[in-house]
Amino acid sequence: MMSRPGGARGAVAFTFDFDAEEVWIGDDPANADRPGVLSQGTYGAKVAVPLILELLERHGLRQTFFVPGRVAERYPERVREILAAGHEVGHHGYTHTSPATLSPQAEEDELVRALDVLRGLGADPVGYRSPSWEFSPATIGLLQRHGFRYSSNYMDDIRPYLHPGGSLVELPIQWLLDDAAHFWFSGGPDWTRSISPPSVVHEIWAAELDGIVKLGGCCIVTMHPQVIGRPHRLAFLDRFIGEVAARRDVWIATCGEIAAVAAAGL
């Protein structure tokens, strides 16, 4: 169990993968010509991100947004608004393409291109979240070579740890703490998939957070503006954040802050 500010037993981060349309285009470039499909992602940039920023401001929280480079190019003002509000901006690929499908050189090109875009908007990305949480055999080496301090992609622990051979901290995640696993609906082959009500997700997230905190771990909640940003889900998130903030045994922080404290104690 790592030491945390204020003697808190566990750490919590409410993170947002700001994918916009890129999650569909990265999966299949042909989707670039399907405005109806892409409108699902447009909602995230157009409506949800401003609402999320307002919600976090009401709670006095600074959190972490992972942004693909091409989303930052498409919505530079949204990225600037995120930064102006004091939030951390992390790296989330350039085209939201899984590194597992790329050659080492293509993966590095994507990594560097997105870094250039985000830095050009005033961000200083020290954390990396891969599209689809997938790595190639080259990913960890590339992250270390380009100075990243943490990754938030692996599901093999509940506590932060160091990847072998360097100083890269892993902040473990899990699908059950991801909004898409409960709320995502995209039609097509999964047309019969049900959409969970927030009450069910609250039960799961609250219980998992309780368990992680009791074990002295780190609870990373992963959300997507186009998914969590529907009005009734934002109301749920507002209540849930309030409940977590009222606890005396947790420290709510950005991923970068949690990684820095973890690194100092590892």
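In the block above lies the structure referred to throughout.
Everything numeric here is computed off the predicted structure, so don't read it as measured data.

Caption draft 1: Representation of the packing of aromatic side chains in the model. Tallied over the full model, the rule gives 11 aromatic pairs. With 6.1 Å between their ring centres and 85 degrees between their planes, Phe 14 and Phe 240 make a pair best called edge-to-face. Placement of Phe 14 in strand 1 (residues 10-17) and of Phe 240 in helix 10 (residues 231-245) is noted, with a sequence separation of 226 residues between them. Here the two residues Phe 14 and Phe 240 agree in accessibility, since each one is buried. Measuring from centroid to centroid gives 6.1 Å for Tyr 128 and Phe 135, while their planes differ by 50 degrees, and the two rings are tilted. Here the aromatic residues Phe 14, Trp 205, Phe 236 and Phe 240 are joined through ring pairs into a cluster of three or more.

Caption draft 2: Up close: the nonpolar core. Of all hydrophobic cores here, the largest spans 54 residues; its most connected members are Phe 14, Phe 16, Phe 18 and Val 67. Excluding residues within four positions of it along the chain, Phe 16 makes contact with Ile 52, Leu 56, Thr 64, Phe 65, Phe 66, Met 223, Ile 228 and Leu 237. Core analysis: the second largest hydrophobic core is formed by 18 residues, Ala 8, Ala 13, Trp 251 and Ala 262 among them.

Caption draft 3: Seen up close, the pattern of salt bridges. Going through the model one piece at a time under the given rule, you end up with 11 salt bridges. Residue Arg 80 is joined to Glu 77 by a salt bridge in which the shortest nitrogen-to-oxygen separation is 2.5 Å. Taken as a pair, Arg 80 and Glu 77 lie in helix 4 (residues 76-84) at a separation of 3 residues, close to a single helical turn. A relative accessible area of 38% means that Arg 80 is categorised as partly exposed. Residue classification places Glu 77 among the partly exposed residues on the basis of a relative accessible area of 46%. Across the pair Arg 247 and Asp 249 runs a salt bridge whose closest N-O atoms are separated by 2.9 Å. By sharing partners, the salt bridges in this structure join Glu 21, Glu 22, Arg 70 and Arg 74 into a single network.

Conventions and cut-offs
- Residues numbered from 1 in each chain as written.
- Predicted model: local features only at pLDDT ≥ 70, side-chain atom pairs only at ≥ 80, totals over all residues.
- Heavy atoms only, no water.
- Phe/Tyr/Trp six-rings, centres within 6.5 Å; stacked < 30°, edge-to-face > 60°.
- Helix = DSSP H or I, 4+ residues; strand = E, 2+ residues; numbered from the N terminus.
- Buried < 20%, exposed > 50% of the residue type's maximum accessible area, 1.4 Å probe, protein only.
- Core = buried A, V, L, I, M, F, W, Y, C linked by side-chain atoms within 4.5 Å.
- Contact = heavy atoms within 4.5 Å.
- Salt bridge = Lys/Arg side-chain N within 4 Å of Asp/Glu carboxyl O.

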